[in-house]
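Notes for the structure review
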Amino acid sequence: LNPMTDEFLFQAAETMDAWSLNMQGEPKESITIKGSMDDEQPGINNKESDFTDDVKISSVDPSVFALLVTRVETVEDLAKNSKEEIELLQKRLQEAEAKLISNRKSAIPWRIIGEQSQPTPADSGESGELKDDDEDIDETEEYQLPKDIYSVITTWTIDRPPLWIALTVVAVQILLLLLLLVDQVGSSAEASPQIFPANVPSIVHACQGLAIIIAILGQDDLRSAIEGIFDGIPTRFRGDTTFQTIHRIQWNFSHGVRFAQGLLSVLAATVLALQSETVFDVLLNFLGVKFVSELDDLAFLLSELGYFGVDCQQAAKSISEARFQQDNRNKVAGRGCFQWLAKYAHIIGVFAILGVMFGLFVRMIFDQNSGEVSVTDVRLTLSNDIFPFFTLFNGCYRISSTRQTYDRRLVYEQVGFESDGGKFAFCSNMDGDKGWTFHIGQIEDPCENFVARSEATKTFDVVEAGRAQWYVD
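Not measured: the values here are computed from a predicted model.

Conventions and cut-offs
- Residues numbered from 1 in each chain as written.
- Predicted model: local features only at pLDDT ≥ 70, side-chain atom pairs only at ≥ 80, totals over all residues.
- Heavy atoms only, no water.
- Phe/Tyr/Trp six-rings, centres within 6.5 Å; stacked < 30°, edge-to-face > 60°.
- Helix = DSSP H or I, 4+ residues; strand = E, 2+ residues; numbered from the N terminus.
- Lys NZ or Arg CZ within 6 Å of the ring centre and 35° of its normal.
- Expected span 1.5 Å × (residues − 1).
- Buried < 20%, exposed > 50% of the residue type's maximum accessible area, 1.4 Å probe, protein only.
- Arc of directions from axis to C-beta.
- Pairing = 2+ DSSP bridges.
- Axes fitted to C-alpha atoms, helices over the stretch in contact; angles between N-to-C directions.
- pLDDT = per-residue confidence, 0-100.
- Contact = heavy atoms within 4.5 Å.
- Parallel < 35°, antiparallel > 145°, perpendicular 65-115°, else oblique.
- Nonpolar A, V, L, I, M, F, W, Y, C, P; charged D, E, K, R; others polar.
- Disulfide = S-S within 2.5 Å.
- Core = buried A, V, L, I, M, F, W, Y, C linked by side-chain atoms within 4.5 Å.
- Salt bridge = Lys/Arg side-chain N within 4 Å of Asp/Glu carboxyl O.

On to the packing of aromatic side chains, then. As enumerated under the stated definition, the model contains 11 aromatic pairs in all. Geometrically, the ring pair formed by Tyr 143 and Phe 324 is tilted, given 6.4 Å between the ring centres and 35° between the ring planes. Taken as a pair, Tyr 143 in the loop between β3 (111-112) and α3 (149-155) and Phe 324 in strand β5 (residues 323-325) lie far apart in primary sequence, 181 residues in all. Counting every residue linked through ring pairs, the aromatic cluster contains Tyr 143, Trp 156, Phe 237, Phe 243 and Phe 324. One residue, Arg 409, lies across the ring of Phe 426, its end atom 4.1 Å from the ring centre. Over the face of the ring belonging to Phe 460 we find Arg 409, whose NZ or CZ atom lies 3.6 Å from the ring centre.

Following this line, the structure appears as structure tokens:
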């Protein structure tokens, strides 16, 4: 800015002198402009300025010179402010550079994992540490192991307590999932010959579908297991030296158990959702499975807090702080079909499992609406004490040959007397209530001309309705 100001002032002086010579008579007024260009600017080759003497310029109009002086002073103020800002920026850059150099010198070095742990003179020092100028390690390629118990199984050796505690937690987790499935399926089998309900309201079907989708997409263990199996063990790590002994067998075992637990959780969530007959039951079963499937995360958190001893606390802390890097991880270009599959395997696997489970859910809806899941035969035993000649209608009742339904509930006919015998049907509006009704002969409307009726119920299962209180009309 200053050389330009120097030149600008001289040009202005020369121009105004020329104006004065062209004017007749003596100038009315003279203005003296003083300036100095002694201040040096960083980065500018300053020359000794000739503008050291006072410049006397004659003018007819003094306002022109006043404006000129104001603009020159403004330019000099801006130059001064710019100089201060540049000095401040240079100081901050120097401080940042010093901090980066300090952090780099004190940073934990990268080491090679497994069979490549023995360094070569070309790429490492005597301690197995990579040189600081190793440009192959990109910060965007760094990643961490999942913060759960399965990472302890992946990295800790068999002679260390953290591994056995982690295996115990996983065994309890899988056992709870199996007990949950067995108890739910077993109790349903005792209550009804069918494991799944005959049918449920549409709102329950919608809730079941959402629960299945959320359970699968939210299953971190399943996704992490698929990704870990296809990616393989990392190439390098930065952290506790324990990670240098990670073995491929241990890595695959850990991720195999993780996958089995995740798949079992998804299966349990799907089965329990399909068994639920109310929205509350769907949500309750979903939360139960979710709690069990996250026990490994809870155990890891408790380990960090020291609840399982100093060794487990140190193991959890090391996993939380460690960074890993793998050559060509998540890279597709030029690596062939397998590398493409390895990158997107967890996405393909999760959506494949989602497709299978959701397909079972859709199939269940069709089977329930068609009566495939409903009880096909029931046996009725009545007494003459209830109504004269009621014993004539004792015997076996079966789903109607035409699979006739009322409000998505099947009609049951007396075997051998399909036209004139007894029949069970569902009434959707019986004095404002819903319930099952018993008829003799043809049914025109299940809510009219019935012989007996059940108490108010919305069940799709005639066996469950048979356990309710019945009233003779």
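There's more to say after this.
Moving on: helix α8 (residues 279-293). Taking 1.5 Å per residue as the helical rise, α8 with its 15 residues ought to reach 21 Å, and the 21 Å between its terminal C-alpha atoms agrees with that figure. By the burial criterion, the buried members of α8 are Val 282, Asn 285, Phe 286, Val 289, Val 292 and Ser 293. Down the axis of α8, the buried side of the element spans an arc of 130°, and every buried residue falls inside it. Of the exposed residues in α8, the ones pointing more than 90 degrees away from its buried face are Phe 280, Leu 287 and Phe 291.

This next bit is on the sheet that holds strand β14 (residues 470-472). Pairing is antiparallel in the open sheet, where seven strands are placed in the order β6-β7-β10-β11-β12-β13-β14. One side of each edge strand has no neighbouring strand; the edge strands of this open sheet are β6 (377-380) and β14. Pairs of neighbouring strands in the sheet enclose a mean axial angle of 30°, with direction left out of account. As paired strands, strand β13 (residues 452-454) and β14 are joined by three bridges and run antiparallel to one another. Residue Arg 453 lies in a different strand from β14, and its bridge partner there is Tyr 471.

Quick look at the confidence of the model for the protein now. Mean pLDDT over the protein: 77, with 73% of residues reaching 70 or higher. Considering only residues more than four positions removed or in separate chains, one finds that residues 20-60, a stretch of pLDDT under 50, has 59 contacts. This model gives residues 115-135 a pLDDT under 50, and the stretch forms 25 contacts once residues within four places in sequence are excluded.

Positive phi, normally seen in glycine, also occurs at Asp 407, with a value near 55°. Of note, Asp 407 is situated in the loop between β8 (405-406) and β9 (409-410).

Once that is clear, we can look at the packing of helix α9 (residues 295-304) against helix α10 (residues 310-321). Interaxial distance between α9 and α10 falls to 7 Å at its minimum, and their mutual angle equals 110°. Of the possible angle classes, the one that applies to α9 and α10 is roughly perpendicular. Where α9 approaches α10, its residues Phe 300, Ser 303 and Glu 304 are matched on the opposing element by Cys 312, Gln 313, Ala 316, Ile 319 and Ser 320. Taken together, the residues of the contact of α9 with α10 break down into four nonpolar, three polar and one charged.

This part covers the sheet that holds β3. Across the sheet, three strands lie side by side as β3-β4-β5; this open sheet has antiparallel pairing. Strands with a single pairing partner mark the edges of an open sheet, and in this sheet they are β3 and β5. As paired strands, β3 and strand β4 (residues 236-238) are joined by two bridges and run antiparallel to one another. In the strand pairing of β4, Arg 111 is matched with Phe 237.

All right, on to the pairing of strand β12 (residues 433-440) then. Judged from the seven bridges that link them, strand β11 (residues 422-430) and β12 form a sheet pairing that is antiparallel. Note on β12: the bridge partner recorded for Ala 425 is Thr 437. Two successive antiparallel strands, β11 and β12, enclose a turn made up of two residues, where Asp 431 displays a positive phi of approximately 55°. Judged from the two bridges that link them, β12 and β13 form a sheet pairing that is antiparallel. Counted as the bridge partner of Phe 438 is Ala 452 from β13.

Before going further, it helps to spend a moment on the state of the cysteines. Going through the model one piece at a time under the given rule, you end up with one disulfide. With its sulfur 1.9 Å from that of its partner, Cys 427 forms a disulfide with Cys 447. Between Cys 427 and Cys 447, the S-S dihedral sits near 110°, and the bridge is therefore right-handed. Residue Cys 427 is found in strand β11, and its partner Cys 447 is found in the loop between β12 and β13; the two are separated by 20 residues along the sequence.

One recurring pattern in soluble globular proteins: nonpolar side chains tend to sit buried together. Counting 25 residues, the largest nonpolar core has Trp 156, Phe 243, Ile 246, Ile 319 and Phe 324 as the members making the most contacts within it. Mapped by element, the contributors of at least two residues to this core are α3, α4 (161-191), α7 (248-275), α9 and α10. Residues contacting Phe 324, with those up to four places away along its chain left out, are Trp 110, Ile 113, Glu 141, Glu 142, Tyr 143, Leu 145, Pro 234, Arg 236, Phe 237, Phe 243 and Ile 246. Leu 380, Phe 393, Tyr 397 and Ala 452 belong to the second largest nonpolar core, which has 18 residues in total.

The next thing to look at is the pattern of salt bridges. Tallied over the full model, the rule gives 10 salt bridges. Two residues, Asp 221 and Arg 258, come together in a salt bridge whose shortest N-O distance is 3.4 Å. Placement of the pair is Asp 221 in helix α6 (residues 220-231) and Arg 258 in helix α7, with a sequence separation of 37 residues. Note on accessibility: Asp 221 and Arg 258 belong to one class, buried. Its salt-bridge partner being Arg 398, residue Asp 377 comes within 2.6 Å of it at the nearest N-O pair. Here Arg 398 lies in strand β7 (residues 395-399) and Asp 377 lies in strand β6, a separation of 21 residues in the sequence. Arg 398 gets classed as partly exposed once you look at its relative accessible area, which sits at 43%. Three or more residues are tied together by salt bridges with common partners; here these are Asp 148, Asp 221 and Arg 258.

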